[in-house]
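# Survey of secondary and tertiary structure
Below are the chains, spelled out letter by letter.
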Amino acid sequence: MSATHDEQTLAAAYVLGALEPDERRAFEAHAAECPVCRDEIRSLRRVTDAMARSVPQRTPRPELRARVLDPVRAAAVTPPSPGLRPAARAVSWLPLAAALAFAAAAGVYAWQLQLRVRMLEARLDTAERRASAADRELADARRAAGEAQAAMAVLAAPDLVRIELAGQPAAANARARALWSRNRGMVFTATGLPRAPADRVYQVWVVTAGGPVSAGLLTPDASGRAEVFFNTPPDIAPPTAVAVTLEPAGGVAAPTGEPYLAGTPAL
């Protein structure tokens, strides 16, 4: 930069938007005919554009803007003394240098804060996912404990009925047992059931004199074993049989498939 080209000191203030409207128009008219000032503007804009893309935009407080830019305006509009040495004129750039250094430091600090916020958000998201998984595990444990207590109540029921189920032609090797109490529900265990197709499900039926009543759905594991507790209606009639059929996914109101297991109460 030429130390004798006074208008060049206005280029930084022009790029930073620190010139008054009259000053801006006068400088733009000068820069249109001055390649030195145009080169200076392009050089400074590359710096400010890079800073603008590196961090999110923030609007400074009015008092901060005034404190940073007032010295720049004062240096830009103060005419130099005729006998001012080149080194002394360079002092007028000190406020501008300070402003650019401050802007660069603020940009780096803002970027660091943004990175820290993203890291904290990621940690919070991980903690929330772990808490959600822990809640699900706790709910599963409580449900299993509740079913175990209900099963123990069935086993101790004074009106307990035991029903052994044998495999039917569709599942000759299957076996099952139903322990039923009108007031406490049914504990049902099965082994040897074939894997059900993806669009089908096993359904357990309590057969009464008034017709079959659905106890619920049965999902065996990979070995064909299942153990489940069913809440049967308290006003259900005494069972004459218990059966398992293969039905469409979701279950049905009345059995439609062939029986895989069936049995009658022990005398």
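This structure is a prediction, so every number in the text was calculated from the model and none was measured. (Residues numbered from 1 in each chain as written. Predicted model: local features only at pLDDT ≥ 70, side-chain atom pairs only at ≥ 80, totals over all residues. Heavy atoms only, no water.)

### Here we look at the overall build of the chain
- Helices and strands together make up the secondary structure of the chain, namely six helices and eight strands.
- Its helices and strands taken in sequence order, the chain reads α-α-α-α-α-α-β-β-β-β-β-β-β-β from the N to the C terminus.
- Sorting the 267 residues of the chain into buried and exposed places 28% on the buried side.
- In the chain, the proportion of contacts linking residues at least 24 apart, taken out of those at least 6 apart, comes to 62%. (Helix = DSSP H or I, 4+ residues; strand = E, 2+ residues; numbered from the N terminus. Buried < 20%, exposed > 50% of the residue type's maximum accessible area, 1.4 Å probe, protein only. Contact = heavy atoms within 4.5 Å.)

### Digging into the nonpolar core
- Of all hydrophobic cores here, the largest spans 24 residues; its most connected members are Leu-165 and Phe-188.
- If you list the elements that add at least two residues to this core, you get β1 (161-167), β2 (175-181), β3 (185-191), β4 (200-208), β5 (211-218), β6 (226-230), β7 (241-248) and β8 (259-263).
- Ignoring anything within four residues of it in the chain, the contact list for Leu-165 reads Arg-175, Ala-176, Arg-177, Ala-178, Phe-188, Val-242, Ala-243, Val-244, Leu-261, Ala-262 and Gly-263. (Core = buried A, V, L, I, M, F, W, Y, C linked by side-chain atoms within 4.5 Å.)

### What to know about the packing of aromatic side chains
- Counted under the stated rule, the structure contains two aromatic pairs.
- When the centroid spacing of 6.5 Å and the interplanar angle of 50 degrees are considered together, the rings of Phe-188 and Phe-230 count as tilted. Residue Phe-188 is found in strand β3, and its partner Phe-230 is found in strand β6; the two are separated by 42 residues along the sequence. (Phe/Tyr/Trp six-rings, centres within 6.5 Å; stacked < 30°, edge-to-face > 60°.)

### Let's talk about the pairing of β1
- Alignment of β1 against β2, held across six bridges, turns out to be antiparallel. Among the inter-strand pairings, Leu-165 is bridged to a residue of β2, identified as Ala-176. (Pairing = 2+ DSSP bridges.)

### Examining a nonpolar patch on the surface
- Among the surface-exposed residues, Trp-111, Leu-115 and Met-119 lie close enough to one another that they form a single nonpolar patch of about 320 Å² accessible area.
- Here Leu-115 shows up in helix α6 (residues 94-155).
- Using a relative accessible area of 38% as the deciding quantity, one classes Leu-115 as partly exposed. (Patch = residues over 30% accessible without salt bridge, like charges linked within 9 Å, V, L, I, M, F, W, Y side chains within 5 Å. Areas by Shrake-Rupley, 256 points an atom, 1.4 Å probe, with all protein chains shown as cover. Salt bridge = Lys/Arg side-chain N within 4 Å of Asp/Glu carboxyl O.)

### A look at the side chain of Thr-232
- Residue placement: Thr-232 occurs in the loop between β6 and β7.
- Overall, Thr-232 belongs to the buried group, its relative accessible area being 9%.
- A distance of 3.3 Å separates a polar atom in the side chain of Thr-232 from a polar atom in the side chain of Trp-180.
- Here Thr-232 is in contact with Trp-180, Ser-181, Gly-185, Met-186, Val-206 and Ala-215, once residues within four sequence places are set aside. (Polar contact = N/O pair within 3.5 Å; in protein donor to acceptor, adjacent residues only side chain to side chain.)

### So, the state of the cysteines
- Throughout the structure, instances matching the rule amount to zero disulfides.
- Free of any disulfide, Cys-34 has its nearest cysteine sulfur in Cys-37, 3.7 Å distant. (Disulfide = S-S within 2.5 Å.)

### Comments concerning the pairing of β7
- Most of β7 sits inside the fold, with seven of its eight residues counted as buried.
- When β4 meets β7, the two strands line up antiparallel, connected through eight bridges. Bridge pairing links Tyr-202 to Leu-246 in β7.
- Both β7 and β8 contribute to a ladder of four bridges, which runs antiparallel. When the sheet's bridge partners are listed, Val-242 is paired in β8 with Gly-263.

### Notes on the side chain of Glu-247
- Examined against the element boundaries, Glu-247 turns out to sit in strand β7.
- One buried charge, Glu-247, has no salt-bridge partner; the nearest side chain with opposite charge is Arg-200, at 5.1 Å.
- Here the side chain of Glu-247 touches Thr-245 through a polar contact of 2.7 Å, side chain to side chain.
- Ignoring anything within four residues of it in the chain, the contact list for Glu-247 reads Asp-199, Arg-200, Val-201, Gln-203, Trp-205, Val-252, Pro-255, Thr-256 and Gly-257. (Lys, Arg positive; Asp, Glu negative; His and termini not counted.)

### A look at the pattern of salt bridges
- Applying the stated criterion across every chain yields a total of seven salt bridges.
- Of the charged contacts, one joins Arg-42 and Asp-39 as a salt bridge, the two residues approaching to 2.2 Å between their closest N and O atoms. Residue Arg-42 and its partner Asp-39 are located together in helix α3 (residues 35-54), separated by three residues, close to a single helical turn.

### Concerning the confidence of the model for the chain
- When pLDDT is averaged along the chain, the result is 79, and 72% of the positions lie at 70 or above.
- Across the chain, the secondary-structure element scoring lowest on mean pLDDT is helix α5 (residues 86-90), at 47, and the one scoring highest is β7, at 97.
- Note on residues 86-91: pLDDT is under 50 here. Beyond four places in sequence and across chains, it has seven contacts. (pLDDT = per-residue confidence, 0-100.)

### What about the sheet that holds β8?
- Pairing is antiparallel across the open sheet formed by eight strands, whose spatial order is β5-β4-β7-β8-β1-β2-β3-β6. What marks the edges here is a single partner per strand, and that holds for β5 and β6. Between one strand and the next, the sheet's axes are offset by a mean angle of 20 degrees, whatever the strand orientation.
- Sheet analysis places β4 next to β5, joined by seven bridges and oriented antiparallel. By the bridge assignment, Gln-203 is partnered in β5 with Leu-217. (Axes fitted to C-alpha atoms, helices over the stretch in contact; angles between N-to-C directions.)

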